[in-house]
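Listed below, chain by chain, are the residues.
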Amino acid sequence: MTTTERTPLKADYVPPQPSFLSRLFYRWPVKLAIIAIVVIWIIPTLGILISSFRPPALVETTGWWTVFTDLGSNEWTFSNYTNVLQSEGFGNSFLNSLSVTIPATVMPITIAAFAAYGFAWMDFPGRQWLFVLVVALLVIPLQMALIPLLRLYTTVNLNGTFPAVWLAHTGFGLPLAIYLLRNYIGSLPSSMMESADIDGASHFERFTKLVVPLSVPVLASFAIFQFLWVWNDLLVALVFLGGEPDVRVITLALNNLNGSRGQAWHLLTAGAFITMALPLVVFLSLQRYFVRGLTAGSVKG
Amino acid sequence: MAGIDQVTQEPEAQDHTPSHHEKPGPNFTTQLLRIGVSLAVPVIALGMLYWAGTVLLDENANRLLVVFVALIIGVLGVFALFYAMNWVVEKLPEHYQEYVRPFVFVGPALVLLGVFLVYPTVVTFKLSFQNAQGEGFVGLDNYVEIFTDSGTLEALRNSVLWVIIVPALAVGIGLTFAVLADKLGSKGEAFSKSFIFMPMAISFVGASIVWKFIYNFRPEGFGEQIGVLNGIWAGLGNEPVAWLLQEPWNNFYLMVILVWLQVGFAMVILSAGIKSVPEEIIEAGRIDGANEFQVFWKVIIPSISSTLVVVLTTIVITVWKVFDIVFVMTSGEFGTSVVAERMVTEFFTFGNDGKGAALAVVLLVAIIPLMWLNVKRFQAQEAQR
């Protein structure tokens, strides 16, 4: 994770140095408090991770924390994972989730990037209030769109297909995409755009040769947002794709497993960890872009 | 070509008046062309996707192939369509180009926003005045039912509690952690923050399972407790508790899950806010004899108040719309239902479109003040540009 540097002090200013005693009493409570919060925060995930590798008999009879206290009786196994992936259909659902997520992440980016350029650098009637509309649409509850869209999909026979979910996620993701990208693209120096104009570059050339290459960081930020959002979504997939094993996404598979075998914790923990694995990898490896996108979207300046 | 200066330096200017008086203004043909180029990309892309998703799937094609085709369409196909539209516009008579070209860029997005957000919103309003099948006109019946039926009233009460408690706790803990971590070295800070931040990658469903395990309950005499909470609780010599059945406290236990997920968000944004407070102001406070708590309350908090408002409103909106956690944990039973979850249950499980639509409208109407706040904030930012 990146931490933004503090505004530098004037060179001639020396902050007062705390004494050894005050440092001792000041530092340790801070460190202890941080460690306490961190421990509380990782215990839930740790419990799932450890349990998912324990044999069913042990998961059912002893708490997972006993692996630390009762070292002698520890046993480890991968069988929970193979069970969940094969007999419970999580392997297929994992592929379904990928099939939903990848196109639903990529599609809004192209469309939003063109729109963001238009809103930032082109002139057309209604430019101002149309963008205000986009800002307003940012907070529309998804629930508002479900019933009419389901009816629309039923009429055009799209219900329960991948394109139905791709398009729904594209539509729902567009306001944030346009908003983030337009703020970034609009802040590119206008002198640069003018000189491109003087050089005779059309809007289309300016967009593809100048703006897109410069906007890679913000495109990455949005891509991570959208990826996490689509992969983790339950509602859109439940309503538009449904629970048939051949199309069901992984969050729905986990929800169904919870419904049918709610006390089979060796399976539930493995299933939960499978749903988390990919977003955690994406998130931890691309955290920098994610944080940049978050702060750009929320903190002005 | 329209002047770029004019576009960027007069953000407060309302609708554009064409500055090129020598050219003919937009006419009927222009409007038709604008609509045409706006529609072309989404409609053709939909056709290609429909083919990729349904025809290929029907033929039992390899799923990876379908994804691959969808990707090709999603990236190259859509881009090629934009390119083609731009090419078409460039073949138009010169005076049309300027009026139509912006719609090559923004049109497809506007069409999609219209179909997937604006149109459904309007229809949902209409449906909320209709019966369960979405027919006839029943006036305010659905709304009267929502505000008199004890089930939905309970959901409303719970939603209000969620919206107050979760943002307060998430911001409180996030702010505390941001301030504490700021006092560590930069490596320790980044490292400890990662753990708090990590749950942001986890789905609401996954998080619900994670916490259902924490709250796991076995009656006494039915084996050892395997849930952490009862493990500790019973270890202290108490009777194990079925946490999720304890009305009304179970609502709070569900809220904890969302707090766990949202603290990371609050922490990251607030941490960036705290670091943007100039060190001079903080040192000036210390030199004036303020202790760390006074510096925090009298200097840092006032300086980041606008960031605090942003974080609070963002979390309030997330909390207000949360459906998955309640749906997975309790299905809204045992006095835990919330409005967003009721909406899906009414519409999807009970097939009551009218009542579902009315609940969706309640969700939207309650959010309108925040929407207005967002728009105002955006306009203030624009004025500063």
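Numbering of residues starts from 1 in every chain and runs along the sequence as written. The naming scheme follows written order: chains are lettered A onward, ligands numbered 1 onward. A pLDDT threshold of at least 70 governs which residues receive local features in this predicted model, and a stricter bar of 80 or more applies before side-chain atom pairs are shown or counted, although totals over entire chains, interfaces and linings include all residues. Each side-chain value is worked out from all heavy atoms of the structure, with water and hydrogens disregarded.

Colleague: Could you give an account of the overall build of chain A, naming the residues involved and the relevant values?
Modeller: Looking only at helices and strands, one finds 15 helices and zero strands in chain A. Looking at chain A as a whole, 56% of its 301 residues are labelled buried. In chain A, 74% of the contacts between residues at least 6 apart in sequence involve partners at least 24 apart. As presented, chain A carries roughly 12,100 Å² of accessible surface, and 67% of it is formed by carbon and sulfur atoms. To qualify as a helix, a DSSP run of H or I must reach at least 4 residues; to qualify as a strand, a run of E must reach at least 2; elements of each kind are numbered from the N terminus. Only protein chains enter the calculation, and the probe is 1.4 Å; a residue is then buried if its accessible area is under 20% of its type maximum, exposed if over 50%, and partly exposed in between. Contact definition: two residues touch when any of their heavy atoms are within 4.5 Å. In this description, accessible areas are obtained by the Shrake-Rupley approach with a 1.4 Å probe, and a residue is regarded as covered only by the protein chains that are shown.

Colleague: I'd like a description of the overall build of chain B, backed by residues and values.
Modeller: Helices and strands together make up the secondary structure of chain B, namely 16 helices and zero strands. Taken across its 385 residues, chain B has 53% of its residues classed as buried. Long-range contacts, defined as pairs at least 24 residues apart, comprise 66% of the intrachain contacts of chain B with a sequence gap of at least 6. A total of about 17,000 Å² of accessible surface is found on chain B, and carbon and sulfur atoms cover 66% of it.

Colleague: Describe the packing of helix α9 (residues 190-198) of chain A against helix α10 (residues 203-214) of chain A, naming the residues involved and giving the relevant values.
Modeller: All names here are of chain A. Helix axes are fitted only over the stretch in contact, all axes being lines through C-alpha atoms; the angle between N-to-C directions runs from 0 to 180 degrees. Running from amino to carboxyl end, α9 crosses α10 at an angle of 160°, the nearest separation of the two axes being 11 Å. When the axes of α9 and α10 are compared, the pair comes out roughly antiparallel. Here the hand of the crossing between α9 and α10 comes out right-handed. Contacts between α9 and α10 pair Met192, Met193, Ala196 and Asp197 from the former with Arg206, Leu210, Val211 and Leu214 from the latter. Here the contact of α9 with α10 is built from residues that sort into six nonpolar, no polar and two charged. Angle categories are assigned with fixed cut-offs, so that under 35 degrees is roughly parallel, over 145 is roughly antiparallel, 65 to 115 is roughly perpendicular, and the rest are oblique. It is the rotation of the near helix from the far one that decides the hand of a crossing: anticlockwise by less than a right angle makes it left-handed, clockwise makes it right-handed. In this classification, the charged set is Asp, Glu, Lys and Arg, the nonpolar set is Ala, Val, Leu, Ile, Met, Phe, Trp, Tyr, Cys and Pro, and all remaining amino acids, among them Gly, are polar.

Colleague: Describe the interface of chain B and chain A, listing the residues and the values that go with them.
Modeller: In this assembly, 143 residues from chain B lie in contact with 143 residues from chain A. By convention, the term buried area covers the 1.4 Å-probe accessible surface removed from two parts as they join, with the contributions of both added. Roughly 12,600 Å² is buried in total at the junction of chain B and chain A, and carbon and sulfur atoms are behind 74% of that figure. Salt bridge, as used here: a side-chain nitrogen of Lys or Arg that lies within 4 Å of a carboxyl oxygen of Asp or Glu. Our enumeration of links across chain B and chain A arrives at two salt bridges. For A:Glu60, the salt bridge goes to B:Arg218, with nearest N and O atoms at 3.3 Å. Polar contact is the term for a pair of N or O atoms within 3.5 Å; when the atoms are in protein, one must be able to donate a hydrogen and the other to accept it, and sequence-neighboring residues count only if both atoms are side-chain atoms. Seen at the junction of chain B and chain A, the total is 10 residue pairs in polar contact (both at pLDDT 80 or more). Top contributing element to the side of chain B that touches chain A by residue count: helix α4 (residues 94-127) of chain B, with 21 residues.

Colleague: Can you tell me about helix α12 (residues 292-303) of chain B, naming the residues and giving the values?
Modeller: One less than the number of residues in a helix, times 1.5 Å, gives the span that helix is expected to have. Between its terminal C-alpha atoms α12(B) stretches 15 Å, which fits the 16 Å expected from 12 residues at 1.5 Å a residue. Of all the positions in α12(B), only B:Val295, B:Phe296, B:Val299, B:Ile300 and B:Ile301 are classed as buried.

Colleague: Report on the nonpolar core, specifying residues and quantitative values.
Modeller: If you look at the biggest cluster of nonpolar residues, it comprises 220 residues, and the most contacted ones within it are A:Tyr117, A:Phe172, A:Ile178, A:Ile185, A:Phe240 and B:Trp162. Sort the elements by how many residues they give to this core and helix α10 (residues 249-275) of chain B lands first, with 16 residues. Beyond its immediate sequence surroundings of up to four residues, A:Ile178 is in contact with A:Ala112, A:Ala115, A:Ala116, A:Phe119, A:Phe131, A:Val134, B:Ala109 and B:Leu113. By nonpolar core is meant a set of buried Ala, Val, Leu, Ile, Met, Phe, Trp, Tyr and Cys residues that side-chain atoms within 4.5 Å join together.

Colleague: Can you explain the pattern of salt bridges? Please cite residues and give values.
Modeller: It is possible for side chains bearing opposite charge to pair when their charged atoms get close. Residue and element names in this part refer to chain B. Scanning the model with the defined rule gives 11 salt bridges over all chains in all. Where Lys275 meets Glu189, a salt bridge forms, and the shortest distance between an N and an O atom there is 2.9 Å. Residue Lys275 is found in helix α10, and its partner Glu189 is found in helix α7 (residues 186-197); the two are separated by 86 residues along the sequence. Here Lys275 matches Glu189 in class, with each residue buried.

Colleague: A description of the confidence of the model for chain B should follow, citing residues and the corresponding values.
Modeller: Residue and element names in this part refer to chain B. Confidence of the prediction at every residue is given by pLDDT, a number between 0 and 100. Averaged over chain B, the pLDDT score is 80; the fraction of residues at 70 or greater is 90%. Across residues 1-22, where pLDDT falls below 50, the model places 38 contacts with residues more than four positions away in sequence or in other chains. With pTM at 0.84, the complex prediction returns an ipTM value of 0.84.

Colleague: Explain the packing of helix α8 (residues 162-186) of chain A against helix α11 (residues 216-232) of chain A residue by residue, including any values.
Modeller: Residues and elements named next belong to chain A. Between α8 and α11, the shortest axis-to-axis distance is 10 Å and the interhelical angle comes to 155°. The orientation of α8 with respect to α11, classified from their angle, is roughly antiparallel. Taken as a pair, α8 and α11 cross one another with a handedness that is right-handed. Contacts from His169, Gly173, Leu176, Ala177, Leu180, Leu181 and Tyr184 of α8 reach α11 at Pro217, Val218, Leu219, Phe222, Phe225, Gln226, Trp229 and Val230. Within the contact of α8 with α11, the residues separate by chemical class into 12 nonpolar, three polar and no charged.

Colleague: Run through unusual backbone geometry, naming residues and quoting values.
Modeller: Here the bond from B:Glu247 into B:Pro248 is cis, since omega is -10°, no more than 30 degrees from zero. Of note, B:Pro248 is situated in the loop between α9 (228-235) and α10.

Colleague: Tell me about the confidence of the model for chain A, and please be specific about residues and values.
Modeller: The predicted coordinates ought not to be read in detail in places where the model reports low pLDDT. Predicted confidence across chain A gives a mean pLDDT of 82, with 89% of residues reaching 70 or more. Ranking the helices and strands of chain A by mean pLDDT puts helix α12 (residues 235-240) of chain A first, with 90, and helix α15 (residues 287-298) of chain A last, with 70.

Colleague: Which residues make up the packing of aromatic side chains, and what values go with them?
Modeller: Between the rings of Phe, Tyr and Trp (Trp by its six-membered ring), a pair exists once the centres lie within 6.5 Å; its type follows the angle of the planes, with under 30 degrees stacked, over 60 edge-to-face, and the other angles tilted. Applying the stated criterion to the full structure yields 36 aromatic pairs over all chains. Judged by centre distance (5.2 Å) and plane angle (75°), the ring pair of A:Phe94 and A:Trp231 falls under edge-to-face. Here A:Trp231 lies in helix α11 and A:Phe94 lies in helix α5 (residues 90-121), a separation of 137 residues in the sequence. Through pairs of rings, three or more aromatic residues link up here, namely A:Phe114, A:Tyr117, A:Phe204, A:Phe207, B:Phe79, B:Phe82, B:Tyr83 and B:Phe105.

Colleague: Talk me through a nonpolar patch on the surface; I want residue IDs and the actual numbers.
Modeller: Residues B:Leu65, B:Phe68, B:Ile72, B:Val75 and B:Leu76 make up a contiguous nonpolar surface patch of about 440 Å² in total accessible area. Inspection of the secondary structure assignment puts B:Leu65 in helix α3 (residues 63-90). A patch consists of residues whose relative accessible area exceeds 30% and which take part in no salt bridge; residues with like charges are grouped when within 9 Å of each other, and nonpolar side chains (Val, Leu, Ile, Met, Phe, Trp, Tyr) when within 5 Å.

Colleague: Just give me the short version of the environment of B:Asn158, but keep the residues and values in it.
Modeller: Residue and element names in this part refer to chain B. With respect to the element layout, Asn158 can be found in helix α6 (residues 150-182). In sequence terms Asn158 and Phe252 are 94 residues apart; their C-alpha atoms lie 9.6 Å from each other. Among all residues touching Asn158, those that are not within four sequence positions of it are Asn251, Gly335, Thr336, Ser337 and Val338. Within the structure, Asn158 has its side chain in polar contact with the backbone oxygen of Ser337 (distance 2.9 Å).

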